[in-house]
Amino acid sequence: MLDGRRVLLIIAGGIAAYKSLELIRRLRDRGARVRCVMTRAAHQFVTPLAVASLSEDKVYSDLFSLTDESEMGHIRLSREADLIVVAPATADLIARMAAGLADDLAATALLASDKPVMIAPAMNAQMWAHPATEANLATLARRGILRVGPGAGLLACGEVGLGRMAEPAEILAAIEAFFVADHRLAGRRALVTSGPTREPIDPVRYLSNYSSGKQGHAIAAALAALGAETVLVSGPTQERTPPGVCLVAVESAREMLAACEAALPVDVAVMAAAVADWRVEGAAAQKLKKNGEGAPVLRLVENPDILATIARRRNDRPALVVGFAAETENIIANARAKRAKKGCDWVLANDVSPGTGTFGGDRNTIHLVDADGVEDWPVMTKTEVARRLADRIAARLPSRIH
Ligand code: C5P
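Please read these numbers as outputs of a predicted model, since none were measured by experiment.

A. Geometry of the site of the ligand. Neighbouring the ligand are the residues M271, A273, V275, D277, P304, D305, I306, L307, G323, F324, K338 and K342. In the model, an oxygen atom of the ligand is placed 2.7 Å from a nitrogen or oxygen of the F324 main chain. Summarising the interface, the protein chains cover 85% of the accessible area of the ligand, which totals 440 Å² for the free molecule. Elements with a contribution of two residues or more to the shell around the ligand: helix 12 (306-311), strand 17 (320-327) and helix 13 (331-342). Among the residues making up the shell around the ligand, the classes are represented as seven nonpolar, one polar and four charged.

In structure tokens, the structure reads:
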């Protein structure tokens, strides 16, 4: 149920606006309070009278209407909402949102708001596929704007393709999911490293380690589930990319560092990758051959320390930098030393002695070491560790959505 939830529904000018009437009815049936803003173009598709009757409230359209401004300024319109839903979100309104325009009441209400926004795009398939729309949607996604649809099917223009607005039932489900979900990290950016790195010996051989990527991937999933825009920089693993996470696949430590630096600025960085400490100096350009002169000698050189590099950035250091310390003895003392050496804020120390089954296994025993001391966590699955860490991160970085 949506009892008492306040939804500001912005209806832009597209044929799919007729479906918004059904959406208003369904929202009202679920107990939501719905206030509607229509763009001028929307008036061509549905009448303000129909919208007002279904929402049982006045409909707002004019930015400069004195009566509207005296009764309900655009600031109050968005302030008095728990969620702003734009349905249909036309290519034009999406572009205006991305550009930060305030040229009508709909765009102004969106710009003047810090409330969560969900868009249900609706447009012709060509417009949907246009690089301009793609870039605008990427901008909105980066700002944490939620999206539902579009689907594929027969469009009003007679073409078949992507661009059909999600059905009212689907939009309603997304709205209900929004209200039950935890959005404590909405508007925040997170960077997570995961998996092993591979350091080439020649084009067909490499040095690596047994890291499965399970813990790093679970952390990325947990951060994304709390609404953080999450970049996962991972070496090769068998793990599936978690939903809503942007994967940057890398191989070597140096590639991993470059990808991490490219992801900055972020609010939080969690370095869970098992980065190879050394790489082969002067990896061979051609496959090494047995040539009767004995085995080749590999000379190793040290890899960059990604955690320490990110933790020591000057202007764009993440507010919170978290590292792991896989230890087999003196776990806490080593973790404390590592925290100081790398300059990170928290170290999650875990026991990887043979027999604990941590490497590649599903369970992990963590001790969180920070400036204040040590917190011992019970034995947990890697998913539970990830959720608890995301929870701690959310407590440290309060949500940007009010
Ligand atoms: O020094 P050590 O490998 O024990 O430190 C572990 C922590 O440092 C982990 O968080 C790991 O992801 C990170 N690390 C790194 N780059 C390296 C080595 C380790 O980011 N080259």
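The structure having been displayed, the exposition proceeds.
B. Expanded view of the sheet that holds strand 5 (residues 117-121). The six strands are arranged 3-2-1-4-5-6 in an open sheet whose pairing can be described as parallel. This sheet does not close on itself; its edge strands, each paired only once, are strand 3 (59-60) and strand 6 (146-147). As judged from the four bridges shared by strand 4 (residues 83-89) and strand 5, these two strands associate in the parallel manner. Paired with V85 across the two strands is M118, which belongs to strand 5. Contacts from helix 5 (residues 91-99) reach strand 1 (6-11), strand 4 and strand 5, with the element oriented near 145° to strand 5.

C. Fine view of the packing of aromatic side chains. In this structure the tally under the stated criterion is one aromatic pair. For the pair F178 and F179, a centre-to-centre distance of 5.1 Å together with 80° between the ring planes defines the contact as edge-to-face. There is no split in this pair, since F178 and F179 are both buried. A cation over an aromatic ring shows up here: K58 above the ring of Y60, its NZ or CZ 4.8 Å from the ring centre. Against the face of W377 rests R388, its NZ or CZ located 5.3 Å from the ring centre.

D. Region of interest: helix 11 (residues 253-263). Inspection of helix 11 places A253, M256, L257, A259, C260 and A263 among the buried residues, and these make up the whole buried set. The buried residues of helix 11 all sit within an arc of 165° when viewed along its axis, so they share a single face. Opposite the packed face of helix 11, turned more than 90 degrees from it, sit the exposed residues R254 and A262. The inward-facing, buried residues of helix 11 contact strand 9 (189-194), strand 10 (199-202), strand 12 (229-234), strand 13 (245-249), strand 14 (268-271) and helix 12.

E. Expanded view of the pattern of salt bridges. Enumeration over the complete set of coordinates arrives at 29 salt bridges. The partner of D92 in a salt bridge is R96, with the nearest N and O atoms 3.0 Å apart. Note that D92 and R96 are positioned in helix 5 at a spacing of four residues, about one turn of the helix. By relative accessible area, D92 is classed as partly exposed at 47%. The salt bridge partner of R198 is E251, with a shortest N-O separation of 3.9 Å. Note that R198 is positioned in the loop between strand 9 and strand 10 and E251 in the loop between strand 13 and helix 11, a separation of 53 residues in sequence. In the salt-bridge network here, residues are joined through shared partners; they are D182, R184, E375, D391 and R392.

Calculation criteria
- Residues numbered from 1 in each chain as written.
- Predicted model: local features only at pLDDT ≥ 70, side-chain atom pairs only at ≥ 80, totals over all residues.
- Heavy atoms only, no water.
- Near = heavy atom within 4 Å.
- Polar contact = N/O pair within 3.5 Å; in protein donor to acceptor, adjacent residues only side chain to side chain.
- Areas by Shrake-Rupley, 256 points an atom, 1.4 Å probe, with all protein chains shown as cover.
- Helix = DSSP H or I, 4+ residues; strand = E, 2+ residues; numbered from the N terminus.
- Nonpolar A, V, L, I, M, F, W, Y, C, P; charged D, E, K, R; others polar.
- Pairing = 2+ DSSP bridges.
- Contact = heavy atoms within 4.5 Å.
- Axes fitted to C-alpha atoms, helices over the stretch in contact; angles between N-to-C directions.
- Phe/Tyr/Trp six-rings, centres within 6.5 Å; stacked < 30°, edge-to-face > 60°.
- Buried < 20%, exposed > 50% of the residue type's maximum accessible area, 1.4 Å probe, protein only.
- Lys NZ or Arg CZ within 6 Å of the ring centre and 35° of its normal.
- Arc of directions from axis to C-beta.
- Salt bridge = Lys/Arg side-chain N within 4 Å of Asp/Glu carboxyl O.

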